[in-house]
Structure formats: structure tokens, C-alpha cells
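# Chain and residue survey
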Amino acid sequence: MATHTVATVHGAVSTAHEHHEHHHETFWTKYIFSQDHKTIAKQFLITGFAAGFVGILLSALFRLQLAFPDKSIPFLETILGKWAPEGRLDPNFYMALVTMHGTILVFWLLTGGLSGTFANLLIPLQLGARDMASPFINMLSFHFFFWGTVVLFASFFIETGPAAAGWTVYPPLSALPQAMPGSGLGMILWIIALVLFVVGVLMGGLNYITTVLNMRTKGMSPMRIPLVVWSLFTVAVLGLLSFPPAVAAFLLLLFDHSLGTSFYLSDIYIAGQALPQQGGNTLLYLHLFWFLGHPEVYIVLLPALGITSELISTHARKPIFGYKVMVASILGIAFVSFIVWAHHMFVSGMNPLLGSIFTATTLLVAIPSAMKIFNYIFTLWKGRIHLNTPMLFAIGTVSFFISGGLTGFFLGVSSMDIPLHNTYFVVGHFHLVMGVSAVFAMFGGTYHWFPRLWGRMMNERLGYIHFWLTFVGANLVFFPMYFMGMGGVPRRYYAFTEFDFTKGWQDLNVFITIAALITIIAQLIFIYNFFHSMFYGKPAPMNPWKATTLEWSAPVKHIHGNWTGNLPVVHRWPYDYSKPGAPADFIPQYISDEDIARGVRWWEEDFDPTSVIDRTDTPSGDEKVPTSPEPTPIPALSPNQKPTPDAGYPST
Amino acid sequence: MKPMWGYSLWAQIGSAARARAEELALQQAMEASSFDLSSFLWKLVWLEVVLIVFLSIRMVQVVVRATGYDPFAQWDRDKANMRIWMLIGLSGILMAIWSAFHYADLYLPESASAHGVHIDRLRNFTVGFTFPAFVLVHLLLFYMIWRYYNGRSLAATYQETNHSLEKASLVAISIPVFIIAGWGIYVWNLPIHGQSPTSEQRTLQIEVVAEQFQWRVRYPGADGKLGRYHYKLIGGENVLGLDFTDPEAQDDILPSLKEIHLPVGALVTIQVRSKDVLHSLFLPHFRTHIYAVPGQRNQVMLVPTITTKEMRKKLRNPNFDYELACNQLCGGAHYNMRMKVIVETWEEYQKWLSTQKPAYTPQPSITKASTNSKTI
């Protein structure tokens, strides 16, 4: 159908399209200063993955140290220079590696990379909007994120090295340049990077919230929003409420660091002199930091679980089990996440009464989290599970979430936390439950939405190899850490050689390091697959996974404004998979019952969604119109009849 | 160390870059003067390995493209992945169970403190819930993959929700949550913070002070009380900043060796403070853990129940020692803040204490410092 006639009928909505035709794009406006949400999603994805890969390379360095504390590895001196004299890591640089690893992976990969990519890509496309509410602020959000990255990585190249006080940067260690070299200029750069990052996140978050609230297409009522958008929206609210206190905490830390104030410092005698600061308290920083720090865990996790919901439902060809329970548990987790922060401080010397209160609130989180796990498993039940790469990663996320989540029972209870606090039990727990689990969802989402981003499919076989190596490797790396935690082995130790109770774990550490190196090497497969498929992958059809959500109704080639003509109108919830009576095992959200009766064949390869979306006589929203008098070419199946296996989802 | 203030970012980056350039020039000059044949050959070997791997992948690709023969074309994707799930999933669960027992020897031995017994009991109960739950939920997941993969299942059943299943899952998770939370709060409030001695029990109050990168311990003198201190008094001999104008401080004992001696059965109160940055007093064998915070005096209580000698006998390890570790990142040598803890009978403890000397040695410099302290 010619778009001009549509434009005259629906003139107001198709201006974006007309604008597109006359718009001349240069390299700068197209790739760098783009205000198009799809391009910004790509920018976030590539920046996030690049930073994340550097982050796991850092872990290779410190894993080598933990496995072979007595060996000299000359190669390290070649690449690190003075940080590894005679092939041995400098202990201060070891701490810097650990700190940067944590900062990069938690903030850059799993907050900026994960939310930034999928919120930018999916919120407008799945809700049927032309773009974000404010494309300009959206562009700024990426640029702040990017310059934050630059500042953070610049700190590797200064004389005193990057920040080294752990990713939580507890003062006074982080506030006193005398305490360790990393607390000098490196710490200032860390704070600047984090402030830039938070500004970026907040700009993005405001946009996500506004877009979800105001720019949903006709018929997209709250209970028809896909779960991934529900979780991205909730995460944006979480970020908006929890990041500002963290910025306040970081700025006060900067004042203590450079201006001689005493918000967090008191009674300190260091490097042969007593400091003048009195009256501050470190626990104040801990409270402020963890008031961000705990919601941050869910800022990482909820989008991952949202993506998993989409993938499991789509590839099991079955509606997500208990949609309303899933929405309620997203909101429940988000609410409870604000009242659990002090479980990171059970042994910090805060009032013991708080220990009891925060134990109770912390364990409450287990209830919505477990409901989500059960619902994933019930979604697979009686489904038709296509074990392709996105689905493998989604199931991997569920598996890691189980393995990591259950040990939260130990750490969330104040009394059991006493011997486990800051041991490898904690390291194993959070890597499994929010680290690997969220990374797997991000991989799964990338494999799933790659055709939407670049119009090409990723290589499936390389995807299987990547998945199995990473799944096995990550389990072998992090599961044994629970056993080390039962032995009381403290985290952030440069070597386990100094204590009798940690010496025995040396063999296991060698094992973990080998597993980690294999896992890291396996990521090269992904990187190759990613960039190779971007240019030479199999061209993707419009709806490669036969999914129901709106992003698969927009043209494969990206255009500004997403849809050529009208915006799609939504007639159903996003999980109409294998509906009895339907002629295919999925019904897209923009297909109305009248369209089905009219005989629209949406499951066929060459189906053009615009033929439905741009129909001028289609009913808008849910209003009933008389069905077409013509007899339907394909009769709808009777309610008891099952759809034919080969209608819809590709069988191979 | 040079002070950081006044250094601009660019000066730092510039100086780092200059230093690196000089380093590289020096390295090059050294390498040019002595050509190392063996390292050159090694580089060649590595290059060859990379080339062989790359070329063989390329050759396979070329052959596949030229002949159109694809050995994996006949593979059933879903069946193959389902089988790998079964293989890896089930063997993974078996491995997890096996290694949990295999590493049991390295776990912390039974608790050597009275309150630790309660913590261990709760921990064992929680393991008894979470480990089977881990196995069962995974088995359920693997069953779904095995039973409903595309191949065995050719059509999905439309099912939006099932209220009784949702209710059952809600109950199934709520029961352990409430049991463990309730029990945990009970144990937390029992003996850990505010215990008071029984009538027969001896009490002891000691102070442990953390600094980069060592621990110091202070015992009270005959009065059984620890004296005042102020951080501005730290200096010279007075490493803990004791205020020697306070008579209670004058008899306080600073042991000469880096050891903590604790009498078995006594109610020990440990006051913990830090001189510089955050540290953490971690006594894994006693299930005792508290941060050392500068400017704040934290306190923790424990009753040691097993002497070092008994524990050595129990573990059949004549070299066993209780250890105090730092468990909050405090700088480069954080991993090396060890102190030996010795639990002994009251008589042995008294004997040891009598050999230690009070910290107070009248010296003009210290008296002068302490008079200053009044003006602070």
C-alpha cells in the first residue's frame, strides 16, 4: 500500500517517516550523534561488551595470581611493566584489578550495557512508539556513559594506578592517598567516571519512564506490556530513586579525599601522623553506598529476568506462566530492594537490632524471586522447547539464578552471615545470582534481538559452542567458591599462603583459574560471531523467531520512526502462543480477531505486516466492527484442534 | 609517598607517558644489543601455532563451501542440545554433591565458641534445605527439557496460569523463608552481643587494635579495666595512644609476641578499633566477625570452649592454630594480617600474663604528650 495515502489519512502519526526521506545523514549524525534509539542501543551494546571484555581480561590476570602466587610469569611484566615487577603482580595493583573488574562489570556491562541496550531497543519498538520521548536526552545519556568509560579507563595510565579500594570504595582507605597508591588520582578519576555514568543512567531512565507512561500505542494497556518492558520500566524507577544518594555519597567522599572535610573520617593516625579530621563516621558511607548498592543488584537482575521471560515464552511456544504474578513479583522485588541494604553491614558494628529487622526484610525477597523461577519452569512444562542459542542462554540464566539464589538464605540471615561475610561464599553467591545469570540473559538477548539490531542472524553453531563452554566454565569457576566459603577463605586476598586455614585450598584455586581461562577464551568465539555476523551473517527475515511482540513488525532495515506508515494497533496480550483455534502457533499483538477471520496469513515468510498495520479501515483499539462478508480462505481451527506443527515457528 | 594534591591530571598522564617511553627506549636498546635467538624462535613457534589453527579452520570452510558437504547438516539441533543438557546437567549435579563431601576436610572445624554452635546448627539446617532444593529444582528443569523439547513435544499447550500451582509454589517457598528468618533472628539475639556472665564464669575484657598491616592486642592489668586512649597520643613508644595520666591505663599490658591468649570458658569481650582504615576482626574458628572502624569502638563477645591443645587432638593436626585474619580490604598487604590465637586453661593464661610487662614506662616525652592530651 502506498504510504502517501496513509499519510493523508493519518497525517499526524506519519510525519516521522516523511522526515526520514528528506534527511541527509553523515557518518557523524548516523553513528556518533545519532538520536535514533536503535543506533543508541547498538552504541550501548558495543561499549558495554567492550568494557565487559576488558573487565573479564582483568580477572584473568588476578586469577593467575591466585593460582600461582609463588610463580614468576615474565609475560605479565611485558604487558604490565612496573605493576608486575619480575613477573609478579604488585599487591596494590592486584587490588586495583579487583576493583576495576567489579566496577566495570557491575556498572558498565550489567547496568549501562544491559539496561542501556535493551531499554533503548525494546521500549519504543515493543510499545509501538516512533522513538524515545526525548531523543536528544537519549543521545546525551550515551555520551555521558561513553565519557565516563573513557575517564575510568584513563585511570589505568596514571602513575599511581587506578582506584584500588574495592568496587565499594569504602573510606578511609579510598579517601586517604597515604593508605594505598590507588587512592590518589585514581580515586578521583573513579568518582568522576561514576558521576558521569550516573548522569547518563538518570537521563536514560527519565526517558524510559516517560516513554513507557506516555508513548504506548493504541491498545497497549498496562496488562498488555511485555514483561521485559515492565522490568526495564521498574529498573528505571529504581535507578532514579537510588543513584542520586550514591552520587551524594561519592561527592562527600571526594570532599573527604581532596578538601579535608570529615564526613566519613575520624580519629585516624596514618603514615606517622594524626589527621585533624574528627567526628565523621565510615558507617555513614556504608549506609549511603548500600542504599544504592542493593537496589543496584536488582537494576542488574530485573532486566535479565525480563529478557529471560520473553525468550522462554517465545522459544517454548507457550504463554509465560502467571503473567500477573510475574508483574507483581517484579514490583515486589523492586519495593523490597529498598529496605534490605543493611544486610551488607551485619558485622559492621551497627545497632544489632537492625540486624534482626534487615534479616526479616531480606528473606522476603526470596518469595517473589522463587515465584519467578517456578513460573519459568511451569512455562517450559507442556511447551515445545526449541533449544536454539537464545533459549539455551535463557535456561542457563534460570539455572544460575537457582544455584546462586538459594545461597542467599545463608547471607541474608544476620547470624549465619557472621562466619560467611566477605568470604568466597559471597563471591560465589553474587557472581552466580547476578553476575553470570545476568550476563547469560544479556547474551541470550543479543542472540535473540541481533536480527532486529543488524538485520542479520548470528551463527547458531558457534552460538552452541559458546554457550556450552561458557555454561560449564562459569559453573566450574563459581560453584567451588561456595566450598571455599565454607572453609572461611576471605575474599580480596592477594594470596592464600599466609594462613593455615586457607593454605589447603591452593589446588582448587589452580582448577578455578584454568576453568576461568577457558571460559574467557570461549568469549572470543562470541566476539568473532558478533562482528562476523554483523557484516556477513545470513540476512534475517522480518520475524525470524515467529514472535508476537511489536518489534518484529517493523521493517528489517532501520528507519527513523520505526514504522513506515501507521503505528501498529494492539489487540491482544504479548503471549498468544499456541492458542487453541488459531491457525498458527503465534498471534502477533497487532493481529485482531477480525484479521484472523479475514484470513490474514501472518505466519508466512513473505507476510508484510504493513498490510495489516496500514489498513485504513482497520478498527482502532478494541472497538468491534462487523467482520468482512467474504468467506475466509483458511478456516480457523476448532478450539480442540491443535495447530499444525509446521505452521509458524521454523521447525529447524 | 608524594602528596597527591597539586598534581594535575595532565601532568600525571604526561609523566607516566614519558616514563613509559623511556622504559621502552631502554628496553629496545637492551634488546638490540643482545639478540636472543631462543626467544625469537619461541615467537616463531607461537606464530606458527596460531597460523596452523587459523588455516585449518579456513581450509575446512573452503572444502565445505566447494563441495557443499556439511557433516552437521543432518544433526537434530533440539535433540542434540537436549542430550548435552542431560549429560552436563546430571553430571554437574553429581559433581556438586561429590565435591561438597570431597572438600569437607577443608571446611572450618566445629565451632570453638559457645555461640558458634548455634550458628552451625542453623547453617546445617539451611544446607539441609537449600542443597536438596538446588538438586530438585534443577532436576525439574532438566525433566522439562527432556520431556518437552521440540521433537518429543510437537505442540505446546496454551496455559495462562494455574492458581493452585501458584498457591502451592507460594507456600513451598514461604515455609522455609519464615522458618529460617525466625530461627536466624533468634540466634542473632541469643548470645552474640549482649551476653552476661553466669555466676561462676570468669570475664575478661581485651582490646584488639588494627592498623596497616598488623594487629595489636591490649590486656587490662590487675584492675581488670582498660584505660583511656586518644588517637592524637599515638607516636613513638605509645603505639596505641594510651593516656597514661589515667591510672587504669598505666597497668595495661601490651604482649610482646603477636599472639592473643584467651582463657577457655571465660566470657571474653573484645573491643575492636582501628588506627587508620577499615579492617575487620575475623576469627573463623570462633564464628566471630566484627569491623574495626576508625573513630568507633566496636565490641564483640565470645566464650571459647575448646583449647588449642584439645583442638589439635580432635583434628589430629599437631600444628593447628586458631587464627585471626583481617577480612575487610585495608590495602596492599591485607592478605597478610595474621595473628595467632591461643586458647588455654585459666592457669596457663595467668602464667602467661604474669610474664608480660605493662606498657607504661615513665618517660619524659610520653608524660609531656599526655599533658597535651588534656587540652585536646
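Up top you'll find the structure we're talking about.
Attention here is on the structure that accompanies the text. (Residues numbered from 1 in each chain as written. Chains lettered and ligands numbered in written order. Predicted model: local features only at pLDDT ≥ 70, side-chain atom pairs only at ≥ 80, totals over all residues. Heavy atoms only, no water.)

## Quick notes on the pattern of salt bridges
Under the convention used in this document: One speaks of a salt bridge when a side-chain nitrogen belonging to Lys or Arg is within 4 Å of a carboxyl oxygen belonging to Asp or Glu. Buried means the residue's accessible area, taken with a 1.4 Å probe over protein chains only, is under 20% of the maximum for its type, while exposed means over 50%, and partly exposed covers the values in between.
By the definition in use, this model includes 25 salt bridges over all chains. Among the salt bridges present, the one from B:Arg77 reaches B:Asp78, with a minimum N-O distance of 3.2 Å. Classification of B:Arg77 as buried rests on a relative accessible area of 16%. With a shortest N-O distance of 3.2 Å, B:Arg312 and B:Asp321 are connected by a salt bridge. Of the residues examined, B:Arg312 reaches a relative accessible area of 28% and is grouped as partly exposed. One network of salt bridges, with partners in common, ties together A:Asp500, A:Lys503, B:Glu323 and B:Arg338.

## Things to note about the side chain of B:Arg218
All names here are of chain B. Cut-off, in case you're wondering: What counts as a helix is a DSSP run of H or I of at least four residues, what counts as a strand is a run of E of at least two, and both are numbered from the N terminus. Each polar contact in these results corresponds to two N or O atoms within 3.5 Å; when the atoms are within protein, one needs to be able to donate a hydrogen and the other to accept it, and residues that are neighboring in sequence are counted only if both atoms are side-chain atoms. Here, residues are in contact when the closest pair of their heavy atoms is within 4.5 Å.
Relative to the assigned elements, arginine 218 resides in strand β2 (residues 214–218). Within polar-contact distance, the side chain of arginine 218 engages the side chain of glutamate 207 at 2.7 Å. Among the polar contacts made by the side chain of arginine 218, one reaches the main-chain carbonyl oxygen of glycine 227 at a distance of 3.2 Å. Not counting chain neighbours up to four residues away, the residues in contact with arginine 218 comprise Ile206, Glu207, Leu226, Gly227, Tyr229, Leu240, Leu242, Asp252, Ile253, Leu254 and Arg273.

## Details of the sheet that holds strand β4 (residues 267–274) of chain B
All names here are of chain B. The line we're drawing: Following DSSP output, two strands are said to pair if at least two bridges run between them. Note on geometry: axes are lines fitted to C-alpha atoms, helical ones only across the stretch in contact, with angles between N-to-C directions running from 0 to 180 degrees.
One open sheet holds the four strands; their spatial order is β2-β1-β4-β7, and the pairing between them is mixed. Edge strands, defined here as strands with exactly one partner in the open sheet, are β2 and β7 (298–302). On average, each strand axis in the sheet is inclined to that of its neighbour by 25°, with strand direction left out of account. In this structure, β4 lies alongside β7, joined through five bridges in antiparallel fashion. The residue bridging threonine 269 from the neighbouring strand is methionine 301, located in β7.

## So, the packing of helix α14 (residues 389–405) of chain A against helix α18 (residues 460–486) of chain A
Residues and elements named next belong to chain A. Selection rule: These descriptions rest on fixed angle ranges, namely under 35 degrees for roughly parallel, over 145 for roughly antiparallel, 65 to 115 for roughly perpendicular, and the rest for oblique. Three categories are distinguished: nonpolar for Ala, Val, Leu, Ile, Met, Phe, Trp, Tyr, Cys and Pro, charged for Asp, Glu, Lys and Arg, and polar for the others, with Gly belonging to the last.
The geometry of α14 relative to α18 is characterised by a closest axis approach of 10 Å and an angle of 5° between their N-to-C directions. By the criterion of interaxial angle, the relationship of α14 to α18 is roughly parallel. When α14 is examined against α18, the residues Thr389, Pro390, Leu392, Phe393, Gly396, Ser399, Phe400, Ser403 and Gly404 are found in contact with a partner set consisting of Glu460, Gly463, Tyr464, His466, Phe467, Trp468, Phe471, Ala474, Asn475, Phe479 and Tyr482. Along the lines of polarity and charge, the residues of the contact of α14 with α18 split into eleven nonpolar, eight polar and one charged.

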